[in-house]
2 protein chains.
Amino acid sequence: MIKTGLFENIAEVSDEARNAFIGYLEEIQAEKGYKLEKAGEVSNYLFYIAQGSARSFYIRDNRDITVSFSLEGEFVTAMHSFITRSPSYETIETLEKSLLYRISYENLQRCFQEFQDLERVYRIILEKYYIALEEQMIFSKFKSAKERYLELMEKKPKIIQRASVGHIASFLDMTIETLSRVRSKI
Amino acid sequence: MIKTGLFENIAEVSDEARNAFIGYLEEIQAEKGYKLEKAGEVSNYLFYIAQGSARSFYIRDNRDITVSFSLEGEFVTAMHSFITRSPSYETIETLEKSLLYRISYENLQRCFQEFQDLERVYRIILEKYYIALEEQMIFSKFKSAKERYLELMEKKPKIIQRASVGHIASFLDMTIETLSRVRSKI
DNA sequence: ACCCTGCCTTGACAAAAGTCAAAATATCAA
DNA sequence: TTGATATTTTGACTTTTGTCAAGGCAGGGT
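My aim in this report is to walk through the structure given alongside it, one point at a time. (Residues numbered from 1 in each chain as written. Chains lettered and ligands numbered in written order. Predicted model: local features only at pLDDT ≥ 70, side-chain atom pairs only at ≥ 80, totals over all residues. Heavy atoms only, no water.)

With that settled, the discussion passes to the pattern of salt bridges. Residue and element names in this part refer to chain A. For the coordinates displayed, the defined rule picks out 24 salt bridges over all chains. Residue Lys156 is joined to Glu74 by a salt bridge in which the shortest nitrogen-to-oxygen separation is 3.8 Å. Taken together, the residues span a long stretch of sequence, with Lys156 in the loop between helix H6 (145-155) and helix H7 (157-162) and Glu74 in the loop between strand S5 (63-71) and strand S6 (75-76) at a distance of 82 residues. Assessed through its relative accessible area of 23%, Lys156 is described here as partly exposed. (Salt bridge = Lys/Arg side-chain N within 4 Å of Asp/Glu carboxyl O. Helix = DSSP H or I, 4+ residues; strand = E, 2+ residues; numbered from the N terminus. Buried < 20%, exposed > 50% of the residue type's maximum accessible area, 1.4 Å probe, protein only.)

Further remarks concern the protein's contact with DNA strand D. The environment of DNA strand D is made up of 14 residues, and the closest members are Ala145(A), Thr175(A), Glu177(A), Thr178(A) and Arg181(B). Counting only the atoms of DNA strand D within 4 Å of the protein, the fraction contributed by sugar and phosphate is 58%. Within the contact set of DNA strand D, a phosphate oxygen lies 3.1 Å away from a backbone nitrogen or oxygen of Thr175(A). A distance of 3.2 Å is found between a sugar or linking oxygen of DNA strand D and a side-chain nitrogen or oxygen belonging to Ser180(B). Of all elements in the fold, only helix H9 (176-184) of chain A together with helix H8 (165-171) and helix H9 (176-184) of chain B reach the threshold of two or more residues within the surface near DNA strand D. In terms of residues, the surface near DNA strand D owes the most to one element, H9(B), which gives four residues. (Near = heavy atom within 4 Å. Polar contact = N/O pair within 3.5 Å; in protein donor to acceptor, adjacent residues only side chain to side chain.)

Below, the discussion takes up the interface of chain B and chain A. The partner chain A presents 39 residues to the 39 residues of chain B that form the contact. Between chain B and chain A, the buried area comes to about 3900 Å², and carbon and sulfur atoms account for 60% of it. By the criterion of area lost to chain A, the three top residues of chain B are Tyr130(B), Lys141(B) and Phe142(B), representing 20% of everything that side buries. Run the count over chain B and chain A and you get four salt bridges. In this structure, the salt-bridge partner of Arg123(B) is Glu119(A), at a minimum N-O distance of 2.9 Å. Linking chain B with chain A are 17 residue pairs in polar contact (both at pLDDT 80 or more). Elements with a contribution of two residues or more to the side of chain B that touches chain A: strand S4 (53-60), strand S5 (63-71), helix H3 (79-84), helix H4 (105-114), helix H5 (116-142) and H8 of chain B. Sorting elements by how many residues they give to the side of chain B that touches chain A places H5(B) first, with 19 residues. Its residues assigned to classes, the side of chain B that touches chain A comprises 18 nonpolar, nine polar and twelve charged. (Contact = heavy atoms within 4.5 Å. Buried area = accessible area lost by both parts, 1.4 Å probe. Nonpolar A, V, L, I, M, F, W, Y, C, P; charged D, E, K, R; others polar.)

All names here are of chain A. With their axes 5 Å apart at the nearest point, helix H4 (residues 105-114) and helix H5 (residues 116-142) run at an angle of 120 degrees to one another. Relative to H5, the element H4 is oriented oblique. Taken together, the residues of H5 that come into contact with H4 (itself represented by Leu108, Cys111, Phe112 and Glu114) are Gln116, Leu118, Glu119 and Tyr122. In the contact of H4 with H5, the residues fall into five nonpolar, one polar and two charged. (Axes fitted to C-alpha atoms, helices over the stretch in contact; angles between N-to-C directions. Parallel < 35°, antiparallel > 145°, perpendicular 65-115°, else oblique.)

Moving on: the protein's contact with DNA strand C. Around DNA strand C there are 15 residues in total, and Arg181(A), Ala145(B), Thr175(B), Glu177(B) and Thr178(B) lie nearest to it. Taking Thr175(B), its main chain carries an N or O atom lying 3.1 Å from a phosphate oxygen of DNA strand C. Separating a phosphate oxygen of DNA strand C from a side-chain N or O atom of Thr178(B) is a distance of 2.7 Å. Counting only elements with at least two residues in the surface near DNA strand C, the list comes to helix H8 (165-171) and H9 of chain A together with H9 of chain B. Here the surface near DNA strand C is composed, by residue class, of three nonpolar, seven polar and five charged.

The subject of this paragraph is the relation of the copies chain B and chain A. Mapping chain B onto chain A leaves a residual RMSD of 0.0 Å; the transformation is a rotation of 179 degrees accompanied by 0.0 Å of translation along its axis. Such a turn and shift between the copies fits a two-fold axis. Looking at chain B, 100% of its interface residues are interface residues in chain A too, so the copies touch through the same face. (Least-squares fit on C-alpha atoms with pLDDT ≥ 70 in both.)

Moving on to the packing of H6(A) against H9(A). All names here are of chain A. Between H6 and H9, the least distance of the axes is 10 Å, while the angle of their chain directions is 70 degrees. The angle between H6 and H9 places the two elements in the roughly perpendicular class. Contacts between H6 and H9 involve Ala145, Lys146 and Tyr149 from the former and Thr178, Leu179, Val182 and Arg183 from the latter. Split by residue class, the contact of H6 with H9 holds four nonpolar, one polar and two charged.

Further remarks concern unusual backbone geometry. Of note in the backbone geometry, Arg85(A) takes a positive phi value of approximately 60 degrees without being a glycine. Position of Arg85(A) relative to the elements: it lies in the loop between helix H3 (79-84) and strand S7 (90-94).

We now examine the sheet that holds S4(B). All names here are of chain B. With antiparallel pairing, the four strands of this open sheet are ordered in space as S2-S7-S4-S5. Pairing within the sheet leaves two strands with one partner each, and these edge strands are strand S2 (35-37) and S5. Taken over all neighbouring pairs, the strand axes of this sheet differ in orientation by 30 degrees on average, direction set aside. In the sheet, S4 pairs with strand S7 (residues 90-94) via five bridges, with the strands oriented antiparallel. What sits directly across from Phe57, in S7, is Thr91. (Pairing = 2+ DSSP bridges.)

As structure tokens, this is what we get:
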């Protein structure tokens, strides 16, 4: 069952806690371009991507800048907004037809109050996301445009296929022209 | 009392949990250049900086690259290593004489087992650090060398005084020459 | 098929930042 | 204070990436 795939590779959770959590999940069949979160609104859900993919982006100075891609098996939300309960600066949209599960902020907090195991699971997920972000940041400091592209190809090849050149370029912090040149010289 | 400053602005913690946590803390009077964590070793402590400051850095391709500065009132550890229990790639050192408190990984886990409030506090701290990292990452995507410097001056002016040009430059992802030129034109 | 339209690629040039080397300045110990 | 050493600044030049403009290519609707 896909819903429980959520818990794979994560610390042990009691059946009770697991069932409570699953009980709160809502399934979403999302078409390509479905907006999980919208800039200007408070992020009210934590999403789990069972199938498909998504990208998070900011609009600033009329530029659309992708800050992350999320794939199957990952959680995603507009973290800043979700945590601070203030309007989001970012928008999150699916890159393709996707199967999502979401839990609301309130219900997640309710889970934490009731089940310490779930708070622990969430904490461990947060830790993983933190170190992933740290790695991404460090890697971007050491690499040239070409190396950044090669690393993305290696680590998230699926992104290369599904995202547009514009999305990939802004994610890798270069222009589409530079990306185009990089690709032509591989 | 400084130790309890740790808990300010953080969710309510029961006296019992607070005392247990404080009981595990070790005080460290660190001179300038004291190594909190060393590359190649597993990070065993979470540090709280009561007074002073620190920087985390990587050595790669013979370059010393600063990835973060930490100030009074902040927690710091080589997060990747601390979480995964594998050797650290980063080294953390004080930038000046500092007063630190540290708790070992084992004792922190013990606290989490015993007191849900402490796991919650840790979770909330993690959340704050996550969004801070996210912001730092996003901001670096939008800004030029000069803007990055101006933003650092505004947000962490203390760093400008205490860290060397080399540290600041690598943190801001530019060479010391570029930084020097940026500074001369303000 | 045809023309849109949007997206991607290519080219010429410009701007930003990096590299290397030398000079200036600061730091520190004797 | 002086000299030795390390750090910072400055200058000339190179490399990388960005900008602007033109052209190519693919898919959708008529």
